[in-house]
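Descriptive structure summary
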Amino acid sequence: AYKRESFSWTGPVQFKWGRSLHQAKPELVQGTGAFATSDDSEQRTFRNEYLVPFVVLGVYGVANQNAAETTRATKEDLDQLAPALWLGTVNLITRSKIGHQPQFLMEIIYKQGFQGLIGSLDEKVTLTQKGKPLDIDEQLSLRSIRECELDITRIAKLIETKIDQIDSIYIRQSTDLSLK
């Protein structure tokens, strides 16, 4: 008889669920579709779906050196992660991904053995307009990254407090993003 064994395996990188950095409201969009049938006729259907017209998502992840050893992830594997994150959704034309564009990527590489991560980076950034927080109506009406700026002041201050434990920081930023 075959004996099944269960196991738990934590990967070398964990990501927090992405969350919107501003209020957004889904809108009902109605559409139609036509499908070819076997008798060369057309079958039409209606569809309803909710779409968010525009949202800026904040996501962060942590590469765990202990889990990397267990899973045999190499430095070369991790070196490929940032470019994959930056380019991962560019030019996808699925309904759920069309228009996705990376805006800002910060990679903080800590010195070997450092355990005091900054963490919760998505909670330490805000969207502003001309240095002022966006009110609810401004948040709901956003339709472009050019209408706001990303304020990373809190992250910058935390980095300063841990600078002696940080090996390097890499930043990628889109040309459309205004950064404070």
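What you see is a predicted model; the values in this text were computed from it and never measured.

**Remarks on the overall build of the protein**
For the protein, the helix and strand inventory stands at five helices and 12 strands. Taken over C-alpha atoms, the radius of gyration comes to 21 Å for the protein, far larger than the 16 Å a tight globule of 180 residues would show. Principal axes of the C-alpha set define a box for the protein whose edges measure 70 × 65 × 25 Å. Contacts in the protein between residues far apart in sequence, at least 24 positions, make up 72% of those at least 6 positions apart.

**Digging into the pairing of strand β8 (residues 126-129)**
Relative to strand β10 (residues 149-151), β8 runs antiparallel, the two sharing three bridges. Among the inter-strand pairings, Leu127 is bridged to a residue of β10, identified as Leu150. Pairing geometry for β8 and strand β9 (residues 132-133), over two bridges, is antiparallel. Bridge pairing in β9 links Gln129 to Lys132. Adjacent in sequence and paired antiparallel, β8 and β9 are bridged by two residues, among which Lys130 carries a positive phi angle near 50°.

**Description of the sheet that holds β10**
Note on sheets: strands pair through backbone hydrogen bonds, and any given pair is parallel or antiparallel. Judged by pairing direction, the sheet is mixed, and its four strands sit side by side in the order β9-β8-β10-β12 without closing on themselves. For this open sheet the edge positions go to β9 and β12 (178-179), each flanked by a neighbour on one side alone. Bridging between β10 and β12 involves two bridges; their strand directions are parallel. Across the sheet, the residue bridging to Glu149 is Ser178, located in β12.

**A few points about the side chain of Gln139**
By the secondary structure assignment, Gln139 is in helix α4 (residues 136-141). We classify Gln139 as buried; its relative accessible area is 16%. Ignoring any residue separated from it by four or fewer positions in sequence, one finds Gln139 in contact with His22, Gln23 and Leu134.

**Some words on unusual backbone geometry**
A positive phi angle, near 65°, is found at Arg72, a position not held by glycine. Notably, Lys130 is not glycine yet its phi reads approximately 50°, a positive angle. With respect to the secondary-structure elements, Lys130 resides in the loop between β8 and β9.

**A look at the confidence of the model for the protein**
Averaged over every residue, the pLDDT of the protein is 86; residues scoring 70 or more account for 93%. Of all helices and strands in the protein, the one with the weakest mean pLDDT is strand β3 (residues 27-36) (77), whereas β10 scores best (96).

**As for a nonpolar patch on the surface**
Taken together, the side chains of Phe15, Val52, Val55, Leu57, Val59 and Leu85 present a nonpolar region at the surface, about 510 Å² in accessible area. Structurally, Leu85 can be placed in helix α3 (residues 81-87).

**So, the pattern of salt bridges**
Within the structure shown, the criterion is met by eight salt bridges. In this structure, the salt-bridge partner of Glu27 is Arg143, at a minimum N-O distance of 3.4 Å. Note that Glu27 is positioned in strand β3 and Arg143 in the loop between α4 and β10, a separation of 116 residues in sequence. Take Arg143: its relative accessible area is 40%, and that puts it in the partly exposed class.

Cut-offs applied
Residues numbered from 1 in each chain as written. Predicted model: local features only at pLDDT ≥ 70, side-chain atom pairs only at ≥ 80, totals over all residues. Heavy atoms only, no water. Helix = DSSP H or I, 4+ residues; strand = E, 2+ residues; numbered from the N terminus. Rg over C-alpha atoms; globule rule 2.2 N^0.38 Å. Contact = heavy atoms within 4.5 Å. Pairing = 2+ DSSP bridges. Buried < 20%, exposed > 50% of the residue type's maximum accessible area, 1.4 Å probe, protein only. pLDDT = per-residue confidence, 0-100. Patch = residues over 30% accessible without salt bridge, like charges linked within 9 Å, V, L, I, M, F, W, Y side chains within 5 Å. Areas by Shrake-Rupley, 256 points an atom, 1.4 Å probe, with all protein chains shown as cover. Salt bridge = Lys/Arg side-chain N within 4 Å of Asp/Glu carboxyl O.

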